[in-house]
Amino acid sequence: MSEAMAQRQGQDEPALHEDFEVQMKQLQNKLAWIEEHGSKADCVQAIEGLEGLVSSFRYHQAGLAHQLEKQVVREHEDRGTSIDDQTRGAASTFALARKQSPQGVRNFLVNCRILFEDTPNFAAACSRGEFTEAQAQAILTPLQDVRAVRRVEFDEIYASTPDMFDSMVPKQIKETVQQFVLGYTSDPESKKQKSSEENRH
């Protein structure tokens, strides 16, 4: 049994989706009807709607991952353990809960930290389902290379031009953000920030 499942069963709480069982059933019935009888426009609209829902749920997963990491750090601090790596265990716990390989999860957690601590405008867009997880990661990963004040600056630029990534695939998005980052990566403080992030993990 996974640690995540054990913790959930230990709390004896229903699965999250069970709180919305009626709504889930209604949605499933509506989608089933469209799958059998829907017009082209109906299908496109449903696909777009589902993509927005999935993206919004991924945002909340990121928020839960960020909170999970903070709780892991707090536990290590309270116990005086893992002094050299206080986030140890957060990545594997998240990976188990999401039923995926832990490979790359530490990088994902760094991006969650950036999302919720440094880029509130971009986070708000993610909460509305405006970006897929792949698109969000393409934006956040390059921002690891600059210090927090530059991330906030980037977020303000995004807020003033929220359509700046329209019609871009993740590769194009990443290249666009990298152009912003390149202006600051020679900054000694940014180099220090990057080193600090790497040492933290």
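Remember, it's a predicted structure, so these values are computed and weren't measured experimentally.

**A word on the overall build of the chain**
- Secondary structure summary: the chain contains 10 helices and 0 strands in total.
- Along the chain direction, N to C, the helices and strands of the chain fall in the order α-α-α-α-α-α-α-α-α-α.
- Taken across its 201 residues, the chain has 32% of its residues classed as buried.
- Restricting the contact set of the chain to residue pairs at least 6 apart, pairs at least 24 apart contribute 66%.
- With the model as given, the accessible surface of the chain reaches about 12800 Å², and the carbon-plus-sulfur share is 52%.

**With respect to the nonpolar core**
- Counting residues in each nonpolar core, the largest one holds 34 residues, and the members touching the most others are Leu115, Phe122, Phe131, Ile139, Leu143, Phe165 and Val177.
- For this core, the secondary-structure elements that each account for two or more residues are α3 (40–79), α4 (90–98), α5 (105–118), α6 (120–127), α7 (133–143), α8 (148–160) and α9 (170–182).
- Here this core takes 7 residues from α5, the largest share from any one element.
- Those residues in contact with valine 177 that lie beyond four places of it in its chain are Ala138, Ile139, Pro142, Leu143, Phe154 and Phe165.

**Regarding α6**
- All of the buried residues along α6 are Phe122, Ala123, Ala125 and Cys126. All buried residues of α6 lie within an arc of 160° about the axis, which places them on one face of the element.
- Backbone geometry just after α6 places glycine 129 at a positive phi near 80°.

**Describing the confidence of the model for the chain**
- When pLDDT is averaged along the chain, the result is 87; 85% of the residues meet or exceed 70.
- No element of the chain has a lower mean pLDDT than helix α1 (residues 3–11), which averages 48, and none a higher one than α6, which averages 98.

**What about the environment of leucine 50?**
- The topology assignment puts leucine 50 in helix α3.
- Sequence separation between leucine 50 and leucine 31 is 19 residues, and the spatial gap between their C-alpha atoms is 9.8 Å.

**Things to note about the side chain of serine 55**
- Position of serine 55 relative to the elements: it lies in helix α3.
- By relative accessible area, which is 5% here, serine 55 ends up buried.

**A closer look at the side chain of glutamine 137**
- Counting through the fold element by element, glutamine 137 comes out in helix α7.
- For glutamine 137, a relative accessible area of 18% puts it in the buried group.
- In contact with glutamine 137, not counting residues within four places along its chain, are Phe108, Asn111 and Pro142.

**Details of the environment of valine 54**
- Mapped onto the fold, valine 54 is located in helix α3.
- In sequence terms valine 54 and phenylalanine 131 are 77 residues apart; their C-alpha atoms lie 9.8 Å from each other.

Analysis parameters
Residues numbered from 1 in each chain as written. Predicted model: local features only at pLDDT ≥ 70, side-chain atom pairs only at ≥ 80, totals over all residues. Heavy atoms only, no water. Helix = DSSP H or I, 4+ residues; strand = E, 2+ residues; numbered from the N terminus. Buried < 20%, exposed > 50% of the residue type's maximum accessible area, 1.4 Å probe, protein only. Contact = heavy atoms within 4.5 Å. Areas by Shrake-Rupley, 256 points an atom, 1.4 Å probe, with all protein chains shown as cover. Core = buried A, V, L, I, M, F, W, Y, C linked by side-chain atoms within 4.5 Å. Arc of directions from axis to C-beta. pLDDT = per-residue confidence, 0-100.

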